[in-house]
Amino acid sequence: MSSLLEESFPPPVVRAPGDSFPVRTGQVAAEIDGVHTEIVMNLHAEQIFIVISQTQKLGSLISASRVGGQMTQSGVSNYSINTLLGKRDDPVLDIFARQLVQYVSNTDRMARSLLLAISLPSMTAENMRPTFHAVMNLISENKIW
């Protein structure tokens, strides 16, 4: 009788340097309002995962998606925003996630849902607009979908 240690296993898959991993990834960093900000994007089959951080931590984790998948007859889309971890009932984060999922839905032909990890301690209700526009410009210039 053979043991598990003696059984032969298939050799590991070795990827050539030009092969792409099944999950497409993009990363960009910039100074926003004098604070180093990193953005990492992962494109999965049914979801886009975006990390926006000024603290090198994930921060709040928010799930966002278009409800019903299509626009209503009046041309308006409804979105679902759910905070999974972190700050709950933060209107700044909810607005940020809502605008980002709308952008993703309008530019991604697959209409994937969004998983957002966001840690922007320098962003307040007063300076949200310039920070948001700077982040959105970075994402749109470097999008991977």
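Scroll up a little and you will see the structure.
Keep in mind that what you see is a predicted model, and the values were worked out from it rather than measured. Every residue gets a number counted from 1 within its own chain, in the order that chain's sequence is written. Note on the predicted model: pLDDT of at least 70 is required for a residue's local features to be given, and 80 or more for side-chain atom pairs to be given and counted; whole-chain, interface and lining totals, by contrast, use all residues. To obtain the side-chain values, all non-hydrogen atoms of the structure were included, while hydrogens and water were left out.

Student: Help me understand unusual backbone geometry in this model?
Tutor: Phi angles above zero are rare outside glycine, and Asp33 is one such case at about 55°. One non-glycine residue, Asp89, lies in positive phi territory at about 60°. Assignment of secondary structure puts Asp89 in the loop between β5 (79-85) and α1 (91-107). Numbering of helices and strands starts at the N terminus; helices are DSSP runs of H or I of at least 4 residues and strands are runs of E of at least 2.

Student: Please clarify how the sheet that holds β5 should be interpreted in this entry.
Tutor: Whether parallel or antiparallel, the strands of a sheet pair through hydrogen bonds between backbone atoms. Pairing in this open sheet of six strands is mixed, and the strands run β1-β2-β3-β6-β4-β5 from one edge to the other. Here the strands that pair on one side only, and so sit at the sheet edges, are β1 (24-32) and β5. Each adjacent strand pair in this sheet contributes to an overall mean axis angle of 15°, direction not counted. Two strands qualify as a pair provided that DSSP identifies no fewer than 2 bridges between them. Sheet topology places strand β4 (residues 60-66) next to β5; six bridges connect them, and they run antiparallel. Under this scheme, a helix contributes an axis fitted over its contacting stretch, all axes are lines through C-alpha atoms, and angles between N-to-C directions fall in the 0 to 180 degree range.

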